[in-house]
Amino acid sequence: MSYLALIKENHIYVKYAGVIDGLDMVQITADENFINNMRRLQNVIHDFSFCDEVSLGVEDMQEIALMSNLESNFTEKAKMMIIPRTPQGFARISAFSQAIKSPDWRVLAAQNYEEALTKL
């Protein structure tokens, strides 16, 4: 897995490439630079549209939701825009959004980076 986390004026733009799985998603949460900027900016765009494959099953999504719910104890408010690789990814984003317990954490889907910017 590879990703590039770009710090913008009001958000973090994470561009993923290659093959992504659940363990890869845990890697970004261990990135201190990412976490500190997420806590400061509270807006993240996760862009999977450049990936060759995204292999995230139900259990992976549950673990990511659990980690996000834990992080909401440290980051009170956050907005995450997710750009899926395929149309089927939109259903996963909806399920992930419903698994987030904090009312001040929002997870939304976008078709591309430009649309994601308009939803921030």
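Just above, that's the structure.
Residues numbered from 1 in each chain as written. Predicted model: local features only at pLDDT ≥ 70, side-chain atom pairs only at ≥ 80, totals over all residues. Heavy atoms only, no water.

Colleague: For this particular structure, what's the right way to read the overall build of the protein chain?
Modeller: Of the regular secondary structure elements, the protein chain holds five helices and six strands. Put simply, the protein chain runs from its N terminus to its C terminus through helices and strands in the order β-β-α-α-β-β-α-β-α-β-α. Rg of the C-alpha trace for the protein chain: 13 Å, near the compact-globule value of 14 Å for 120 residues, within the 12% margin. If you line up the protein chain on its principal axes, its C-alpha atoms span 30 × 30 × 25 Å. The proportion of buried residues among the 120 residues of the protein chain is 41%. (Helix = DSSP H or I, 4+ residues; strand = E, 2+ residues; numbered from the N terminus. Rg over C-alpha atoms; globule rule 2.2 N^0.38 Å. Buried < 20%, exposed > 50% of the residue type's maximum accessible area, 1.4 Å probe, protein only.)

Colleague: What's the story with the pairing of strand 3 (residues 43-47) in this structure? I'm lost.
Modeller: Regular strands place their side chains on alternate faces of the sheet. Among the five residues of strand 3, five are classified as buried, and the element is accordingly described as predominantly covered. Here strand 3 shows no split at all, with Asn43, Ile45 and Asp47 on one side and Val44 and His46 on the other all buried. With four bridges joining them, strand 2 (residues 12-21) and strand 3 adopt parallel strand pairing. Paired with valine 14 across the two strands is histidine 46, which belongs to strand 3. As defined by bridge partners, strand 3 adjoins strand 5 (residues 78-83) across five bridges and the pair is classed as parallel. Paired with asparagine 43 across the two strands is lysine 79, which belongs to strand 5. (Pairing = 2+ DSSP bridges.)

Colleague: So what exactly am I meant to see when it comes to the pattern of salt bridges here?
Modeller: Side chains carrying opposite charge are able to pair once their charged atoms draw close together. Following the criterion strictly, the structure yields two salt bridges and no others. Between glutamate 71 and arginine 39 there is a salt bridge, with its nearest N and O atoms 2.7 Å apart. Here glutamate 71, found in helix 3 (residues 58-71), pairs with arginine 39, found in helix 2 (residues 32-41); they are 32 residues apart in sequence, far enough to count as distant. Overall, arginine 39 belongs to the partly exposed group, its relative accessible area being 33%. (Salt bridge = Lys/Arg side-chain N within 4 Å of Asp/Glu carboxyl O.)

Colleague: Looking at this structure, I do not really get helix 1 (residues 22-29). What am I missing?
Modeller: Taken together, the buried positions of helix 1 are Gly22, Asp24, Met25 and Ile28. Viewed end-on, helix 1 has its buried residues packed into an arc of 160 degrees, placing them on one side of the element. Looking at the buried residues of helix 1, the elements they touch are strand 1 (2-7), strand 2, helix 2, strand 4 (51-55) and helix 3. The backbone nitrogen of leucine 23 lies 3.1 Å from a side-chain oxygen of the residue at the head of helix 1, namely aspartate 21. (Arc of directions from axis to C-beta. Contact = heavy atoms within 4.5 Å. Polar contact = N/O pair within 3.5 Å; in protein donor to acceptor, adjacent residues only side chain to side chain.)

Colleague: Explain the environment of asparagine 43 here, please?
Modeller: Structurally, asparagine 43 can be placed in strand 3. Looking at asparagine 43, the relative accessible area reads 15%, which means it is buried. Once the C-alpha coordinates of asparagine 43 and methionine 81 are considered, the two residues, 38 residues apart in sequence, prove to be 7.9 Å apart. Once you skip the residues sitting within four places of it in the chain, asparagine 43 turns out to touch Asn10, His11, Ile12, Lys79 and Leu120.

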